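Fold and contact review
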Amino acid sequence: MIQRAMGSIRVNRYSIVSTEEDGHKVSALGSVNGHSRNGKGHAPRRKHRNRFVKKNGQCNVYFANLSNKSQRYMADIFTTCVDTRWRYMLMIFSATFLVSWLFFGFLFWCIAFFHGDLNAPAVGGGPSLLKPCIMHVNSFLGAFLFSVETQTTIGYGFRCVTEECPLAIMAVVVQSIVGCVIDSFMIGTIMAKMARPKKRAQTLLFSHHAVISVRDGKLCLMWRVGNLRRSHIVEAHVRAQLIKPYMTEEGEYLPLDQRDLNVGYDVGLDRIFLVSPIIIVHEIDEESPLYGIGKEELETENFEIVVILEGMVEATAMTTQARSSYLASEILWGHRFEPVVFEEKNHYKVDYSRFHKTYEVAGTPCCSARELQESKMTILPSPPPPSAFCYENELALVSQDEDEDDDEVGVVLGGSTKEEGGVIQMMDFGSHLDLERLQATLPLDTISYRRESAI
């Protein structure tokens, strides 16, 4: 009965998906089970789809046949320099400085040449009656050194311009202005490139898979986001879009039709306080593009869900954006995320080793939300039993016992709390069979789990 409802074979009570490869295997179970032994399939195979947005957030888009591309990029030279790679930017600035030094060095050499400063002194070693424009500049190398000293304001005091040539004075003034402009542009570009919040997205984490399961009696699409730094993302908010080919009523083909997925924008649930990992929930209702998609349809669908997390970096107040995407093959039907937040004695612990892990939930309907609404099926019992034992409770109890006693791992067998004078006994979790036996022996209303609230 459970296997028929889940559409896959469950070996253990909870099937953990720990890696992306295992996730693909789990998502492919439905298509494998949909084939008979003679090899005849009941559903068409999913067409391979190129990602529009890669897992690391890069957009898989190539621009071709752009007219006047160089002119357009040069018109916004500052943004071009900021977007270029570090090695190219350093090469550009080094070449700019070298060209300016050579240009003004050649200009000073020409001024000295036409003024006659490069001629040899009079025969007999007598003093020259001609006052030079630039002192101690007798060759192109001397003119180049004077250009470098002028633009970098080194000022060794050996070479200097005199009042003999107004043209040389004007050249010194122009070179000083050009040097200031180049320095300002270089410093501004480097600062903008270093303070760019693009790298902040490297410490914002998305789960490898998205899941579809029941939450509060409704089918929901869920994925998990996390922040690996202690510094917060101010005004963090999330949004999602479904991208798939679409044919209009007039026959126009749209290869990348984008439709919004509501993640609580109308009630403010899209704005999150990202201190610990949070599960983002999209309720599959009548307005959702996933409303008519069930488990079998998901195995053949060809769409991509792009998820975006935006906010301001606390240190720089600059807006950053982290992106990821999920193909239809990366959405696990009938799974939930393992809990990662546990309450300790004086703080809350986030276990990122469980961030990408999911477990299979029995009883998840395989039909679409539309069919579920039309049939008016009841997914969860109402009200649930007071001591409904689920996987989250098991993790909370195991985490509690590990913190209190590293040598003994146990669980409460029976009786009342300490205030009621009961005695707490422990037993070892050996296997899932022990959990089944334990679940049958637990009382319904006498146990309160101190750490379940963190989950």
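Structure: see above.
Below is a short write-up of the structure. Along each chain, numbering runs from 1 in the same order as the chain's sequence is written. Confidence filtering applies because this is a predicted model: local features only for residues at pLDDT of at least 70, side-chain atom pairs given and counted only at 80 or more, and all residues used for totals across whole chains, interfaces and linings. The side-chain quantities take in all heavy atoms of the structure and omit both hydrogens and water.

Look at N65: it is not a glycine, yet its phi comes out positive at around 60 degrees. Strands here are runs of E lasting at least two residues and helices are runs of H or I lasting at least four, both read from the DSSP assignment and numbered beginning at the N terminus. Tracing the sequence through the fold places N65 in the loop between α3 (29-33) and α4 (69-75). Exposure classes here rest on a 1.4 Å probe applied to the protein chains alone. A residue is buried below 20% of its type maximum, exposed above 50%, and partly exposed in between. N65 gets classed as exposed once you look at its relative accessible area, which sits at 80%. With a phi angle near 55 degrees, D216 is a residue other than glycine that sits in the positive phi range. Along the polypeptide, D216 turns up in the loop between β3 (210-215) and β4 (218-227).

With that out of the way, let us pick up a negative patch on the surface. The patch calculation keeps residues exceeding 30% relative accessible area without a salt bridge and links them within 9 Å when they carry like charges or within 5 Å when they are nonpolar (Val, Leu, Ile, Met, Phe, Trp, Tyr). Accessible areas in this description were obtained via Shrake-Rupley with a 1.4 Å probe; residue shielding takes into account the shown protein chains only. Salt bridges are identified by distance alone: a Lys or Arg side-chain nitrogen within 4 Å of an Asp or Glu carboxyl oxygen. Asp and Glu are treated as the negative residues and Lys and Arg as the positive ones, with His and the ends of the chain left uncounted. Working definition for charges: the position is that of NZ of Lys, CZ of Arg, CG of Asp or CD of Glu. Residues E296, E297, E371 and E374 make up a contiguous surface patch of negative charge. Of all elements in the fold, only α9 (295-298) and α10 (369-375) reach the threshold of two or more residues within the negative patch. Structurally, E374 is set in helix α10.

With that settled, consider the sheet that holds strand β8 (residues 304-313). Pairing is antiparallel across the open sheet formed by four strands, whose spatial order is β6-β5-β8-β9. Each edge of the open sheet carries a strand with a single partner, namely β6 (253-261) and β9 (319-327). Averaged over neighbouring strand pairs, the angle between their axes works out to 25 degrees when direction is ignored. Here, a strand pair is defined by DSSP locating no fewer than two bridges between the strands. In this structure, strand β5 (residues 233-247) lies alongside β6, joined through seven bridges in antiparallel fashion. Each bridged residue has a counterpart across the sheet, and for A240 the counterpart in β6 is L261. Only the stretch in contact is used when a helix axis is fitted, and all axes are lines through C-alpha atoms; the angle between N-to-C directions ranges over 0 to 180 degrees.

For this analysis, a nonpolar core means a set of buried residues of the types Ala, Val, Leu, Ile, Met, Phe, Trp, Tyr and Cys, connected via side-chain atoms within 4.5 Å. Of all hydrophobic cores here, the largest spans 37 residues; its most connected members are L221, W223, F303 and I305. Here this core takes five residues from β5, the largest share from any one element. Other than its neighbours up to four places away in sequence, F303 contacts R49, L242, I243, K244, L290, I293, L298, Y326, L327, A328 and I331. Here, two residues are considered to be in contact whenever any of their heavy atoms come within 4.5 Å of each other.

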